[in-house]
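Residue-level listing of the chains:
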Amino acid sequence: MSDKKITTDSGIEIKESYTAQDAVNVPAANAGQFPFTRGVQSSMYRGKLWTMRQYAGFSTAEESNKRYHYLLQQGVSGLSVAFDLPTQIGYDSDHELSEGEVGKVGVAIDSIEDMEKLFEGIPLEQVSTSMTINATGFILLAFYVALAKRQGADLNNISGTIQNDILKEYAARGTYIYPPHPSMRIITDIFEWCSKHVPKWNTISISGYHIREAGSTAVQEVAFTLSNGKAYVKAALEKGLDINVFGKRLSFFFNAHNNLFEEVAKFRAARTMWAHIMKELGATDEKAMMLRFHTQTGGSTLTAQQPLNNISRVTLQTLAAVLGGTQSLHTNGYDEALSLPTEEAARIALRTQQIVAFESGAADTVDPLAGSYYVETLTKEVEQRAWDMMAAIDAMGGSVAAIENGFVQDQIAQSAYEYQQQIEGGQKIIVGVNKFQTQNDDKIPGFKIDDSIRKNQCDKLNDLKARRDAEKVSACLQKLESVAQSTENIMPSVLDAVENYCTLGEIADVLRKVFGEYR
């Protein structure tokens, strides 16, 4: 027997072997039954495969539109939009702070006309669209709904998700605009408005992904994400919304890292915990207790050294997501530690999903790792540690208070520091980085974005402003300001503003004036 101590990335000690005595209290419920440890659908992928999304967006709306058509031809079953930094933080492309950032990490969207170009030739009734957008999520949703109306779509059939998870922005990512309390008001306004007007739309994607990217452990990813989810539910309940209605439209977004079994355990534990949380908060409809989630493979796990090794990493992470029961998946390109993914890298990433779906057998039966002494023990251990961490957050007054006092940020920073120390000390081996290096790494051609894009966007904005009805624009923005100062739902006035060609930056600025900015 070896006395070597091995732990998961969350510090859970792994025994040399596991027996039936370890895996006590294994949930007897099948998939599709409370608390959904084994999956949210009884037949899982035998009934329907997960949605294969490829996250894409860069440069102009026209360029991104070409990539979307390419991905749809290659077999993606849902689109996932990346927005550039100015769009994410509420600045038009012609704002001085946008210089150097337009179209760089995503697509630049300034107006309804950009949204039209982004989805040209793509009927919104026939595609599910996920939009990774938070502080300005309500504006992008309004652009999308306005476009659907222009296409003549039935809004009852429009499906997709806005990320709309502002709490993790304060804790881990940084693309916030307004302070926490008005931000939470915007989110609950979206919940209320969507339940009446776009009932198939997922109104929030509560995200652990960026928490993990910032350096958290798997256990922290679960605890902080579900704590944030609990805060959103409580805010919606305080607004008088029905948990059995809005609860069905909550979705989650998790990371998939390289430790295959811990990741599978994490997904199973998160489902179990959320079912209990929702039940305790008053949900009686089981569909409102189900944790449905999208997964993206781990961006921070990709290495610039020997980048082709990333294909193997992404394959492992894809398996973790599928064995863990994800509803939707994006796989990263092998070149993303160097640049935005090339078309070839995006295709290989999609093919990785398709090979796992159709060749590996992983999708043939429900929760194939259920009953594994190791996986069941690990699921319980992740769950218990996450409950303990959530209890500490509850004792502080919940997620908003824990973020405002810096607790969550400090925990993530400490985990990131310890992980980096393990890499530098050689206790944690990263192939090609601190072991098995080569003299000459594979030279991969990067994907470059031209700086002329900003001028292109500014020209389009100037042209739009010259053509639109200035009086209508002014009236729409004044109405929005008045609504923001009241308790009225802001979504109708935002939709009216975008339909009358108000820009993203103009709408965000009105609310900056009313709500202030978070520093």
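Residues numbered from 1 in each chain as written. Predicted model: local features only at pLDDT ≥ 70, side-chain atom pairs only at ≥ 80, totals over all residues. Heavy atoms only, no water.

Here's the deal with the pattern of salt bridges
- Applying the stated criterion across every chain yields a total of 31 salt bridges.
- Residue Lys-248 is joined to Asp-285 by a salt bridge in which the shortest nitrogen-to-oxygen separation is 2.9 Å. Of this pair, Lys-248 sits in the loop between helix H9 (243–246) and strand E9 (250–256) while Asp-285 sits in the loop between helix H10 (260–280) and strand E10 (293–297); the two residues are 37 residues apart in sequence, bridging distant segments of the chain.
- Classification of Lys-248 as partly exposed rests on a relative accessible area of 29%. (Salt bridge = Lys/Arg side-chain N within 4 Å of Asp/Glu carboxyl O. Helix = DSSP H or I, 4+ residues; strand = E, 2+ residues; numbered from the N terminus. Buried < 20%, exposed > 50% of the residue type's maximum accessible area, 1.4 Å probe, protein only.)

A few points about the nonpolar core
- Counting residues in hydrophobic clusters, the biggest one holds 143 residues, and the most contacted among them are Met-115, Phe-119, Met-131, Phe-138 and Leu-511.
- For Phe-119, the contacting residues outside a window of four places in its chain are Asn-65, Leu-79, Val-81, Leu-124, Thr-129, Tyr-144, Leu-147 and Gln-151. (Core = buried A, V, L, I, M, F, W, Y, C linked by side-chain atoms within 4.5 Å. Contact = heavy atoms within 4.5 Å.)

Some thoughts on the environment of Lys-15
- Within the secondary structure layout, Lys-15 lies in the loop between strand E2 (13–14) and strand E3 (51–56).
- Put simply, Lys-15 and Ala-497 are 482 residues apart on the chain and 59 Å apart in space, counted from C-alpha to C-alpha.

Describing the packing of aromatic side chains
- One pass over the full model with this rule turns up 18 aromatic pairs.
- Taken together, a centroid distance of 6.2 Å and an interplanar angle of 10° make the contact between Phe-252 and Phe-254 stacked. The residues Phe-252 and Phe-254 share a single accessibility class, namely buried.
- Taking the centre distance of 5.4 Å and the plane angle of 55° together, the rings of Phe-261 and Tyr-374 count as tilted. Of this pair, Phe-261 sits in helix H10 while Tyr-374 is found in helix H13 (residues 373–396), placing the two residues 113 residues apart along the sequence.
- Judged by its relative accessible area of 33%, Phe-261 falls in the partly exposed class.
- Residue class for Tyr-374 comes out buried when judged on its relative accessible area of 18%.
- One aromatic cluster in this structure is built from Phe-252, Phe-254, Phe-267, Trp-274 and Phe-293.
- Taking NZ or CZ as reference, Lys-15 lies 5.7 Å from the ring centre of Tyr-18, over its face.
- Lying over the aromatic face of Phe-34, Lys-279 brings its terminal NZ or CZ to 4.5 Å of the ring centre. (Phe/Tyr/Trp six-rings, centres within 6.5 Å; stacked < 30°, edge-to-face > 60°. Lys NZ or Arg CZ within 6 Å of the ring centre and 35° of its normal.)

Re a nonpolar patch on the surface
- Among the surface-exposed residues, Ile-429, Val-431 and Phe-436 lie close enough to one another that they form a single nonpolar patch of about 270 Å² accessible area.
- In this fold, Val-431 is placed in the loop between helix H15 (407–424) and helix H16 (453–467). (Patch = residues over 30% accessible without salt bridge, like charges linked within 9 Å, V, L, I, M, F, W, Y side chains within 5 Å. Areas by Shrake-Rupley, 256 points an atom, 1.4 Å probe, with all protein chains shown as cover.)

Quick notes on the pairing of strand E5 (residues 129–132)
- Side chains Thr-129 and Met-131 project from E5 onto one buried face, and the interleaved Ser-130 and Thr-132 project onto a second face that is buried too.
- Strand direction decides the pairing type here: strand E4 (residues 78–82) and E5, joined by four bridges, are parallel. The partner of Val-81 across the bridge, within E5, is Met-131.
- Looking at chain direction, E5 and strand E6 (residues 160–162) are connected through three bridges and run parallel. Following the sheet pairing, Met-131 is matched in E6 by Ile-162. (Pairing = 2+ DSSP bridges.)

Treat this as a map of the structure, not an account of what it does.
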